[in-house]
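The lines below spell out each chain.
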Amino acid sequence: RSACPRRTFQFFSPQIFIDNEWHDSVSGKVFPVYDPATGEQICEVQEADKADVDKAVQAARRAFALGSPWRRMDASERGRLLAKLADLVERDSVYLATMESLDCGKPFLTTLFVDLQGTIKTLRYFAGYADKIHGTTIPMDGEYLTFTRHEPIGVCGQIIPWNFPLMMAAWKLGPALAAGNAVVLKPAEQTPLTCLYLGALVREAGFPPGVVNILPGFGPTAGSAIASHMGIDKVAFTGSTEVGKLIQEAAGRSNLKRVTLELGGKNPNIIFADADMDLAVEQAHQGVFFNAGQCCTAGSRIFVEEPIYEEFVRRSVERAKRRVLGSPSDPTTEQGPQISQEQQARVLELIQSGISEGATLECGGKAHGLKGFYVEPTVFSNVTDDMRIAKEEIFGPVQQIMKFKTLEEVIERANDTDYGLAAAVFTNDINKAMAISTAVQAGTVWINCYNALSTQCPFGGYKMSGNGRELGECGLKEYSEVKTITMRLLAKNS
Amino acid sequence: SLQAVKTSHNELYVASCHLHIILIVFQLFINNQWQDAQSGKTFPTINPSTGEVICHVAEADKTDVDRAVKAARAAFRLGSPWRRMDASDRGLLLTRLADAIERDAGYLAELETLDNGKPYAISYCVDIPNVVKCLRYYAGWADKWEGKTIPIDGDYFCYTRHEPIGVCGQIIPWNFPLLMQAWKLGPALATGNTIVMKVAEQTPLTALYVANLIKEVGFPEGVVNILPGMGPSAGAAIAAHMDVDKLAFTGSTEVGHLIQQASGSSNLKKVTLELGGKSPNIILSDANMEEAVEQAHFALFFNQGQCCCAGSRTYVQADIYDEFVERSVERTKNRVTGDPFDLKTEHGPQIDDEQFKKILNYIDIGKKEGAKMLCGGKAASDKGYFIQPTVFGDVHDQMTIAREEIFGPVMQIMKFKTLEEVLERANDTKYGLAAAVFTKDIDKAHYLSSGLRAGTVWINCYDVFGAQAPFGGFKASGNGRELGEYGLDNYTEVKTVTIKVPQKNS
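Because the structure is predicted, anything quoted here is derived from the model rather than measured.

Novice: Go over the UniProt feature "active site" (unreviewed entry) in chain B, please, and point to the residues and values.
Specialist: Listed under "active site" (unreviewed entry) in the UniProt record, and renumbered for this structure, are Glu274 of chain B. Residues within four places of Glu274 of chain B in sequence aside, it is in contact with Phe249, Thr250, Gly251, Leu433, Phe471, Gly472, Gly473, Ser477, Gly480, Arg481 and Glu482 of chain B.

Have a look at this one:
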């Protein structure tokens, strides 16, 4: 019932989407969804549990059976369906941005220009790949003709987070469907609405029933059922490292399903004295505060070379004080609320630890407003590497600024973490840039920029930030099973 | 079904059977603008079903080529809108072009049939959908054509950039005007090149209509330039141009030789060629007879025999030869010749008077050299360029009709005994474009497909194409491959960049 700027939109229901139809939960349970800007309930959504996951897996299995419409479809036609889905998302982008902004608390304009565009481009990118997934023919020893087929894995479970609901759905659906899989997707319980709307568009685009199934529900029930399911061939999870470990264990205990994980980060942003100061301050600011700090790539450890440290802190504080908190529908708002009361409390607790462990609180530090889950943009200086705010992922609008002296020192400190998702370096010196980008243990390294992500570029983590890569051609590999076929010949010739 | 209202000497408003008013302009398309030829010359384009002039089109010559190359060069300069565009946006423009062609499919199919003579049912159901698919396929490649980073020895960081070559000349034939245009535009634009395209003088109209769509969907000016004109003038000017970086030519082997020489005597522009063929179609005795007969018939007679990959030497194993010939002749006699706008028509006219005479001449030679003419052999109508579908049996490999590309509805059937023999005879040609094998036996299929010197080998099928699958010739049938990922290679210059680093680590 959100007030939306468009007069017409696709009908969808806050129910469970299986076989291109809307279902109530088997248990009859529902759960509430909240607007984090006000704390008020938006609506109730059917809550999927293990029994619903079982139904969805059966539907996906049928859709994936040999000889099914989905298996028999030309690869280029799979691409056409994805392209059509992208066009439909584009058609309804204002409506989707409104719904996403309401459900997540993201500023509306950012949602429209960043989240929606990212979603559309990702679907279009993978639409283009569907008929370009090549196996190879191989000059094997012996009298044989050998070739590989890159087949779809099968039924893929996909569990996505609440920080970029629609875009994360596109990152998952794009490669999985381009490669020919069937999908059981569980959106986060905080933010199921835009994903459910996507189900309606999936049907409108013409995907056969059972190819995409969407199950709103909770991690410990529906998510866990997916991770342990004996009939699911692969699970892709984006979320916290803590839950990532549980997923990996569940896969090992059940059927050894393939697992890819995109987890947390405590990403180092390294600023050298020769950097463009204005650029570095602004990029470091956006790098940590974007999406109210709720990014796995948040640049939450800023290492600044000693000679420019004081100046950098001063400018960063001044910038943070200017950051506009407000209602997501206000076009001047830069920062909305945190996603939930739990997350808000967690951020505030970590801020307190920063204060009690001796970091200098330069600005912010408190909750903001009487309604919703807002936290003031907060800056800490004189942070040392052993403090909790320097080690733990905060996932909130809290910036840590540390000092360093030498290249070798900062590399060692940057790598001294169990995480390894992203990193950045700001410098004019090509040698420093090459040295840092080689040495740092992170899946993405940005040079003189931050959060420069695009659907063509593989993205993922070293160490406990995850395994596997999403996006780019690499993203497809995770959704293919390679079959080698070797045929006897009477006489091989080159 | 087309009613034309002329408003000026070079514009035509056409009310098609879709009650749609469409403008096509019969001029040169340079820098997203329509222009007369510098010389003011025009040439007529003919409806091959009737021999009548459809309209007159501006005729490009060397000076017009120079203007087009200048426009293409300006569109390609560093910092231009085209060079600065996201690769994914190049892909989006190609997708929009495909959408626009799909939108206007009915009209384009009519225009193609009017100018080329191919049956409307085929233009609409085969040519246009494949045009759309080809453009969509290459739209998808634009932002996926990746260089590499390379573990070079020494303290260096090394990577490659896949850059566009630059200004690409493209000369396309008359047998599949729209489709050949798409095969050229797709990979060249996906990779970021600019184009000077000369369309065949027999069939300029649909390409000029597409030029308007190119402008409509938003390609920057100068990226695509389209010149109707003649081979020896406009075509030669492109081949010899000192500021054209690459030339792609589809046409006869005879002209292919000239193009390659012109490249050598001018600026060594990169050359890719898709030329003629005399493709062998080998029917083994265990083949499914009904399918083999129908496919062999289709392989030769499709598009009035005007395919570079026509299966124009049908080798049939001795023990099924007689039955195969009898069935082929019966099928050929049933081939429906007529007005291409009649949906029942299978066989339309040849493209023009020159081809018409050439084909009838080959038929005479065939008879004179002792092949057995089993049906057809004459003009099929006194208007237009229709030739009766013709079958020759008892053809020997040294006969002219067994060695030279006829490019018409004339089928040659030969007899063979063993696999080794037929492989040798099939390869005994200067051509090497395509080949096919009909058999159930897995070992025989592999033996022949490995041994045949042809760029495409079909097994138990013929003329199966996909935008995804590379196509091109061995030997004098050409060099380079079009379509598929391979098609991108021809439009790419690889630049290796090597940066010194203080300390390399793996």
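Novice: Describe the packing of helix α3 (residues 75–91) of chain A against helix α5 (residues 108–129) of chain A, with residues and values.
Specialist: All names here are of chain A. Packing of α3 against α5 leaves a shortest axis separation of 8 Å and a crossing angle of 165 degrees. With respect to each other, α3 and α5 are oriented roughly antiparallel. Note that α3 runs across α5; the crossing there is left-handed. Contacts from Gly79, Leu82, Ala83, Leu85, Ala86, Asp87, Val89 and Glu90 in α3 reach Leu116, Thr119, Ile120, Leu123, Arg124, Phe126 and Ala127 in α5.

Novice: Can you lay out the interface of chain A and chain B for me, pointing to particular residues and giving the numbers?
Specialist: At the junction of the two partners, chain A supplies 22 residues and chain B supplies 22 residues. Buried area between chain A and chain B, both sides added, is near 1,900 Å², and the carbon and sulfur share of it is 57%. Counting across the chain A and chain B interface gives 5 residue pairs in polar contact (both at pLDDT 80 or more). Elements represented by at least two residues in the side of chain A that touches chain B include exactly α3, α5, α15 (430–439) and β22 (480–488) of chain A. Per-element accounting of the side of chain A that touches chain B gives the leading share, 5 residues, to α5 of chain A. Considering only residue class, the side of chain A that touches chain B consists of 8 nonpolar, 6 polar and 8 charged.

Novice: Give me the sheet that holds strand β20 (residues 434–438) of chain B: which residues, what numbers.
Specialist: All names here are of chain B. On the basis of which strands lie adjacent, the open sheet formed by 7 strands has the order β17-β18-β19-β16-β15-β20-β21 and mixed pairing. Lying at the two open borders of the sheet, with one neighbouring strand each, are β17 (372–375) and β21 (456–459). Going from strand to strand, the sheet's axes swing by 20 degrees on average, the running direction of each strand aside. Here 4 bridges tie strand β15 (residues 280–283) to strand β16 (residues 313–317), and the two strands are oriented parallel to one another. Within β16, the residue paired with Pro280 across the bridge is Arg313. In the packing of helix α14 (residues 419–427) onto the sheet, the strands contacted are β15, β16 and β19 (410–416), and the crossing angle to β19 comes to about 145 degrees.

Novice: Outline the confidence of the model for chain A, supporting the account with residue identities and numerical values.
Specialist: Averaged over every residue, the pLDDT of chain A is 96; the share at 70 or more is 98%. Contacts for the low-pLDDT stretch residues 1–8 of chain A, under 50 throughout, to residues beyond four places or in other chains number 11 contacts.

Novice: Mind laying out the packing of aromatic side chains, listing which residues take part and the relevant values?
Specialist: All names here are of chain B. In total, this model carries 28 aromatic pairs over all chains according to the counting rule given. Ring geometry for Phe356 and Tyr385: centres 6.1 Å apart, planes at 55 degrees, overall tilted. Taken as a pair, Phe356 in helix α12 (residues 353–368) and Tyr385 in the loop between β17 and β18 (390–393) lie far apart in primary sequence, 29 residues in all. Judged by relative accessible area, Phe356 falls into the buried class, the value being 13%. Accessibility expressed as a relative area gives 13% for Tyr385, which makes it buried.

Novice: Can you tell me about the UniProt feature "domain: Aldehyde dehydrogenase" (unreviewed entry) in chain B, naming the residues and giving the values?
Specialist: As annotated by UniProt and renumbered to match this structure, "domain: Aldehyde dehydrogenase" (unreviewed entry) occupies residues 34–497 of chain B. Across residues 34–497 of chain B, helical content stands at 41% and strand content at 20%; the span's end C-alpha atoms are separated by 41 Å.

Novice: Break down helix α10 (residues 289–301) of chain B for me, with residues and values.
Specialist: The periodicity of an α-helix, 3.6 residues per turn, causes residues three or four places apart in sequence to face the same way. Residues and elements named next belong to chain B. Between its first and last C-alpha, α10 extends 18 Å over 13 residues, near the 18 Å set by a 1.5 Å rise per residue. Looking at α10, one finds that the buried residues are Met289, Ala292, Val293, Ala296, His297, Ala299, Leu300 and Phe301. Tucked into the core, α10 has its buried residues touching β15, β16, α11 (318–333), β18, β19 and β20. Two or three places before Glu290, at the start of α10, stands the capping residue Asn288, its side-chain oxygen 3.2 Å from that residue's backbone nitrogen.

Novice: So what's going on with α14 of chain B? Which residues, and what values?
Specialist: Among the residues of α14 of chain B, those classed as buried are Leu419, Val422, Leu423, Arg425 and Ala426 of chain B. Contacts from the buried residues of α14 of chain B go to β15, β16, β19 and α15 (442–451) of chain B.

Novice: Describe a nonpolar patch on the surface, listing the residues and the values that go with them.
Specialist: Together, Leu109, Phe113 and Val114 of chain A line one region of the surface with nonpolar side chains, adding up to about 270 Å² of accessible area. Locating Phe113 of chain A in the fold gives a position in helix α5.

Reading the values: rules and limits
Residues numbered from 1 in each chain as written. Chains lettered and ligands numbered in written order. Predicted model: local features only at pLDDT ≥ 70, side-chain atom pairs only at ≥ 80, totals over all residues. Heavy atoms only, no water. UniProt positions renumbered as here; feature names shortened; annotations may be inferred. Contact = heavy atoms within 4.5 Å. Axes fitted to C-alpha atoms, helices over the stretch in contact; angles between N-to-C directions. Helix = DSSP H or I, 4+ residues; strand = E, 2+ residues; numbered from the N terminus. Parallel < 35°, antiparallel > 145°, perpendicular 65-115°, else oblique. Left-handed = near helix turned anticlockwise from the far one by under 90°. Buried area = accessible area lost by both parts, 1.4 Å probe. Polar contact = N/O pair within 3.5 Å; in protein donor to acceptor, adjacent residues only side chain to side chain. Nonpolar A, V, L, I, M, F, W, Y, C, P; charged D, E, K, R; others polar. Pairing = 2+ DSSP bridges. pLDDT = per-residue confidence, 0-100. Phe/Tyr/Trp six-rings, centres within 6.5 Å; stacked < 30°, edge-to-face > 60°. Buried < 20%, exposed > 50% of the residue type's maximum accessible area, 1.4 Å probe, protein only. Expected span 1.5 Å × (residues − 1). Patch = residues over 30% accessible without salt bridge, like charges linked within 9 Å, V, L, I, M, F, W, Y side chains within 5 Å. Areas by Shrake-Rupley, 256 points an atom, 1.4 Å probe, with all protein chains shown as cover. Salt bridge = Lys/Arg side-chain N within 4 Å of Asp/Glu carboxyl O.

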